[in-house]
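# Reading the structure
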Amino acid sequence: MDLNKLTIKKYLEMHKNKEINALDLFQFAQNQYTTHHKHLNIFIEEQYAKALDIINKNPTLPFIPMGVKDNYLQERQNATAGSKILKNFIAPYSSTVIKRLESVNCLSIGRLNMDEFAMGSSGKTSGFGPTLSPWTNKKGASMSPGGSSSGSASSLASKLCLFSLGSDTGGSVRQPAAWCGLTGFKPTYGLLSRYGIVELACAFDAPGFFTKTMEDAEILFSYTKGKDVFDFTTVDHIEEKSKKKIGVLYDTRVHPETLEDLKNTVKHLKSKGYEVEEVSFSMLEYFLPIYYILCPAEASSNLARYDSIIFGDGKTKVQDLDDLYTKFRSENFGEEVQRRIVMGNYVMYSGNVDGYYNHARKLISKIWSEMKDTFYAYDCILMPTTSGPGITYEETLNPDPMAMYLCDLYTCFVNILGLPAASIPTRVSPSTGTPLGIQIVSKPMGDNLIFSVGKEIEQYYEFNEKNSWSNKC
Ligand code: GLN
């Protein structure tokens, strides 16, 4: 068995048959890290030694190596959300998702790097330096893993764990999954608890998984889903029935290889008995502006608590309270976070709130009433995750924030409408030598349909079987 291609499902089977043990698996992953991937800046804190200690005390348990995005709280551990402002923060409790996963033997290999407060699409906004992908393009250039779950995507693509946790507010699980050749799943809003995850925008935030297969995402979903008394927006899952119908959104602006993947997927799904129809989203252009009004509005309110009174080292020398806020926040928040605070305060300012914030909220209701029938007519809508293959690290240095905001074009509407979605890897792009992925989006509660349609697509492309995960090792 090639451990690089090992899935959670296979590992649990092999463990049951005594063909593998947790110690071998964790040591294999640790070795991958130390020999090949240290330079990628994947971890904020690497924890293999700690995990191996736990395994040595319980050597027969089927521990599953899990990477944890550093916005998930773990009791008595530091959690930074990628921000220097939280560098000394110790979490007093664990997030519900972590607790549920730990109860089925998932064990952290470390706290993963991420864009600061999950704002970003490349990992470059982290207060602890950018993360690189293990993928390089045909010219040998280092690729960006995408973001904001940059360390989560890079850790799984580097085979350092069997799955990793991400959070998806506008696409931060699906976009890096597409760029790194991984499956990235974002559930229906409310099916997974947000308790204990540092928030970006509460109305859009969703925990999500990076896995090698759809089946693994389904396993993790079954471990974690459902009502949580600590998060009043949570509900239990009521499965949706299949109509064996798929909608497809061809957007001719995307890379020709992505368009080709969409067309081939349609052919495959038809051969599997699905009826496929073309759909159009006349409102697609509105989602990015809506997202970049509402997300900063929520983020700026959420970030108001970081005022150095509770979070901070108390060492900033100041004259008065105003001076304290200004100095502490200017010194410890990065440029992107400061930009979002300004944007958020602008759209919430009493003279602007009707024109921006309230208007954007009203538009969501209007858009949903127009798009609802489309979503309910199909099992899933097939569409691009991103406009093409990923970008190089060099390209992320473009100082124009709009260039990065455009990465969310096909993903952020999913969060605005609270829908379930997944990105599925298709193939290595013949032109760039880096992964391509496509997206499926379902109606609320259609998570089970995402898994069944996703598995069909995955069986067609067989990305996990055909690819060595990264072209570096
Ligand atoms: N790229 C988006 C942003 O910067 C999405 C972030 C996310 O999903 N956490 O807001």
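The following refers to the structure shown.

A word on the site of the ligand. If you check the shell around the ligand, you find 15 residues, and the closest are Thr169, Gly170, Ser172, Tyr291 and Arg340. Ala118 places a polar main-chain atom, nitrogen or oxygen, 2.9 Å from a nitrogen atom of the ligand. One of the backbone nitrogen or oxygen atoms of Thr169 is found 2.8 Å away from an oxygen atom of the ligand. Protein chains bury 100% of the 290 Å² of accessible surface belonging to the ligand in isolation.

Next up on the list: unusual backbone geometry. With an omega of 10°, the peptide bond between Gly147 and Ser148 qualifies as cis. Its place among the elements puts Ser148 in the loop between strand 3 (106-112) and helix 5 (150-157). Despite not being glycine, Lys18 has its phi angle at roughly 60°, a positive value. Topologically, Lys18 is positioned in the loop between helix 1 (8-16) and helix 2 (22-37). Accessibility expressed as a relative area gives 74% for Lys18, which makes it exposed. If you check the backbone angles, Lys244 has positive phi at about 55° while not being a glycine.

Another point: the packing of aromatic side chains. The tally for this structure, following the rule as stated, stands at 22 aromatic pairs. Where Tyr33 meets Phe43, the ring centres are 5.0 Å apart and the plane angle is 90°; that geometry is what we call edge-to-face. Note that Tyr33 is positioned in helix 2 and Phe43 in strand 1 (residues 43-46), a separation of ten residues in sequence. Using a relative accessible area of 9% as the deciding quantity, one classes Phe43 as buried.

It is the contact of helix 9 (residues 284-302) with helix 12 (residues 354-377), at a shortest axis distance of 10 Å, that shows an interaxial angle of 135°. By the angle between their directions, the pair helix 9 and helix 12 is classed as oblique. In this structure, helix 9 meets helix 12 at a crossing whose hand is left-handed. Contacts from Tyr286, Phe287, Ile290, Ile293, Leu294 and Ala297 in helix 9 reach Tyr356, Tyr357, Ala360, Arg361, Leu363, Ile364, Ile367 and Met371 in helix 12. When the residues that make up the contact of helix 9 with helix 12 are grouped by side-chain class, the tally is 13 nonpolar, no polar and one charged.

Rules used in this analysis
In every chain, residue numbers begin from 1 and rise along the written sequence. For this predicted model, a pLDDT threshold of at least 70 governs which residues receive local features, and a threshold of 80 or more governs which side-chain atom pairs are given and counted, while totals over whole chains, interfaces and linings are taken from all residues. With hydrogens and water excluded, all non-hydrogen atoms of the structure serve as input to the side-chain values. Neighbouring residues are identified by heavy atoms, a residue being near a molecule or strand if any of them is within 4 Å of it. In protein, a polar contact requires one atom able to donate a hydrogen and another able to accept it; more generally it is a pair of N or O atoms within 3.5 Å, and residues adjacent in sequence count only if both atoms are side-chain atoms. Only the protein chains shown count as cover for residues, with accessible areas throughout obtained via the Shrake-Rupley method and a probe of 1.4 Å. Put simply, DSSP H or I for four residues or longer makes a helix, DSSP E for two residues or longer makes a strand, and each gets a number counted from the N terminus. Partly exposed describes any residue whose relative accessible area lies between the buried limit of under 20% and the exposed limit of over 50%, with all areas from a 1.4 Å probe on protein chains only and scaled to the type maximum. For this analysis, a ring pair means two rings from Phe, Tyr or Trp (six-membered ring only for Trp) whose centres lie within 6.5 Å, classed as stacked if their planes differ by under 30 degrees, edge-to-face if by over 60, and tilted for the remaining angles. Axes, fitted as lines to C-alpha atoms, cover a helix only where it is in contact. Angles between the N-to-C directions of the axes lie from 0 to 180 degrees. Angular relationships are summarised with four words: roughly parallel below 35 degrees, roughly antiparallel beyond 145, roughly perpendicular across 65 to 115, and oblique for the angles in between. Crossings are classed by handedness, with left-handed meaning an anticlockwise turn of the near helix from the far one by less than a right angle and right-handed meaning a clockwise turn. A contact between two residues is defined here by any heavy atoms of the two lying within 4.5 Å. All residues other than Ala, Val, Leu, Ile, Met, Phe, Trp, Tyr, Cys, Pro, Asp, Glu, Lys and Arg, Gly among them, are scored as polar; the first ten of these are nonpolar and the last four charged.

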